[in-house]
Amino acid sequence: MNFRLFSPHDQLKDLIRHYWLMEYDEGYIGNEEILFPAGAVEIILHLKKPFLRLADGQWKSESKAFIEGQQSGTIIVKSTGKMKTIGITLYPWATADLFNDKKMDATDLEPDLQNMYDQLISTADERKLPELCDHYFLSLLKKRFIRFTLAEKAIIHIFKKGDDCLNLPDMKKEWNYSTKLFERKFKEMTGISAGELMKKRRMIRVLKSTLLNEYTSLTDVAYSAGYYDQSHFIKDFKNYFLTSPKLLKKEHSLLKHFI
């Protein structure tokens, strides 16, 4: 068995612990091996024949790609031919930041991940492994940023007054539309509801100001973001960042991925 570790890009080091490559040749066919998991979430990509894994007393073939949950016990596997497996060892919070805690298996690889998988299969130079993985995860991080479309930016510009944005009743009054017609027209132009746009803008304000500075209470944070109900603020915050304000503040190194 040949096993090697690779370091991720500097911008990924607080999400990804390392990449690893494990290879078996045909001489190991049928041999049982005991693997000791890292105790972390991992993405497993079998680029050649997958392992057989012992589960509930039976040997079961693994999928070509899947997310492995945090394992504490040993894993017993058996090879079925020449094998080449790449693993990405993630920190616990990374699956939420990168995948929204989605489940992943061989039958449902999203296009960018499938493209990385295909590139890894086609390259014979293992030195390209970290570069290909880095490219995929850095692209994934960019998609997790809160961004405004051109239409959304135009709407914000139109209704912006100083540092504050007009509330929804004011916006409806400016357009001289009924509530129903206003919502329909707004969604046609931006793709989202007016309320959703306001939430996005509030989250940007929280991250760019309040969470980067000291604050006395979450009530203060909520109020500065335009909320009068702390529980409502926390609910919206978790909807966007899949974590609480306190945890994101604590893991301050993660903030750069959202700002």
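Relevant structure appears above.
In short, a report on the structure. Bear in mind that the values here come from a model prediction, so they are computed numbers and not experimental data.

A few points about the overall build of the chain
Next up, step 1: The helix and strand tally for the chain stands at 10 helices and 11 strands.
Next up, step 2: For the chain, buried positions account for 42% of its 259 residues.
Next up, step 3: Split by element, the accessible area of the chain, about 14700 Å² in all, is 51% carbon and sulfur.

Side note on the side chain of His-46
Next up, step 1: The topology assignment puts His-46 in strand S4 (residues 41-46).
Next up, step 2: Under the relative-accessibility criterion, His-46 is labelled buried at 1%.
Next up, step 3: Within the local environment of His-46, its side chain forms a polar contact with the side chain of Thr-85, the two groups lying 2.7 Å apart.
Next up, step 4: Look past the residues within four positions of His-46 in its chain and what remains in contact with it is Phe-51, Glu-62, Ser-63, Lys-64, Phe-66, Lys-84, Thr-85 and Tyr-117.

Quick look at the packing of aromatic side chains
Next up, step 1: Taken as a whole and judged by the stated rule, the model has five aromatic pairs.
Next up, step 2: Centre to centre, the rings of Tyr-136 and Phe-137 are 4.9 Å apart; their planes meet at 70°, and the pair counts as edge-to-face.
Next up, step 3: Given the relative accessible area of 3%, Tyr-136 is considered buried.
Next up, step 4: According to the relative accessible area criterion, Phe-137 is buried, its value standing at 0%.
Next up, step 5: One aromatic cluster is present, built from ring pairs that chain together Tyr-19, Tyr-136 and Phe-137.

Some thoughts on empty space enclosed by the protein
Next up, step 1: Per the counting criterion, the structure on display carries one cavity of 30 Å³ or more.
Next up, step 2: One number sums up the size of the largest cavity: a volume of about 30 Å³.
Next up, step 3: Around the largest cavity sit Leu-47, Lys-84, Ile-86, Leu-120, Thr-123, Asp-125, Glu-126 and Leu-129, which together line it.
Next up, step 4: The residue inventory of the lining of the largest cavity, partitioned by class, reads four nonpolar, one polar and three charged.

Here we look at the sheet that holds S4
Next up, step 1: One open sheet holds the five strands; their spatial order is S1-S2-S9-S4-S7, and the pairing between them is antiparallel. Only two strands of the sheet have a single neighbouring strand rather than two, namely strand S1 (2-6) and strand S7 (65-68). In this sheet, neighbouring strand axes are inclined to one another by 20° on average, regardless of whether the strands run parallel or antiparallel.

Focus on helix H6 (residues 179-190)
Next up, step 1: Between the first and last C-alpha of H6 there are 16 Å, a value that for 12 residues agrees with the 16 Å anticipated at 1.5 Å per step.
Next up, step 2: Of all the residues in H6, the buried ones are Phe-182, Phe-186 and Thr-190. Along the axis of H6, the buried residues cluster in a sector spanning 40°; they form a single face. For H6, exposure combined with an orientation more than 90 degrees from the buried face picks out Lys-180, Lys-187 and Glu-188.

What to know about the sheet that holds strand S3 (residues 32-35)
Next up, step 1: Sheet architecture is open: four strands sit in the order S3-S8-S5-S6, paired in antiparallel fashion. With one partner strand each, in any of the chains shown, S3 and strand S6 (58-61) form the two edges of the open sheet. Across the sheet, the mean angle from the axis of one strand to that of its neighbour is 40°, orientation sign disregarded.

Here is what the cut-offs are and how they apply
- Residues numbered from 1 in each chain as written.
- Predicted model: local features only at pLDDT ≥ 70, side-chain atom pairs only at ≥ 80, totals over all residues.
- Heavy atoms only, no water.
- Helix = DSSP H or I, 4+ residues; strand = E, 2+ residues; numbered from the N terminus.
- Buried < 20%, exposed > 50% of the residue type's maximum accessible area, 1.4 Å probe, protein only.
- Areas by Shrake-Rupley, 256 points an atom, 1.4 Å probe, with all protein chains shown as cover.
- Polar contact = N/O pair within 3.5 Å; in protein donor to acceptor, adjacent residues only side chain to side chain.
- Contact = heavy atoms within 4.5 Å.
- Phe/Tyr/Trp six-rings, centres within 6.5 Å; stacked < 30°, edge-to-face > 60°.
- 1 Å grid on protein atoms, 1.4 Å probe; cavity = no way out; pocket = protein on both sides within 12 Å on 5 of 7 lines; lining within 4 Å.
- Points joined across faces, edges and corners; volume = space filled by probe spheres on them.
- Nonpolar A, V, L, I, M, F, W, Y, C, P; charged D, E, K, R; others polar.
- Pairing = 2+ DSSP bridges.
- Axes fitted to C-alpha atoms, helices over the stretch in contact; angles between N-to-C directions.
- Expected span 1.5 Å × (residues − 1).
- Arc of directions from axis to C-beta.

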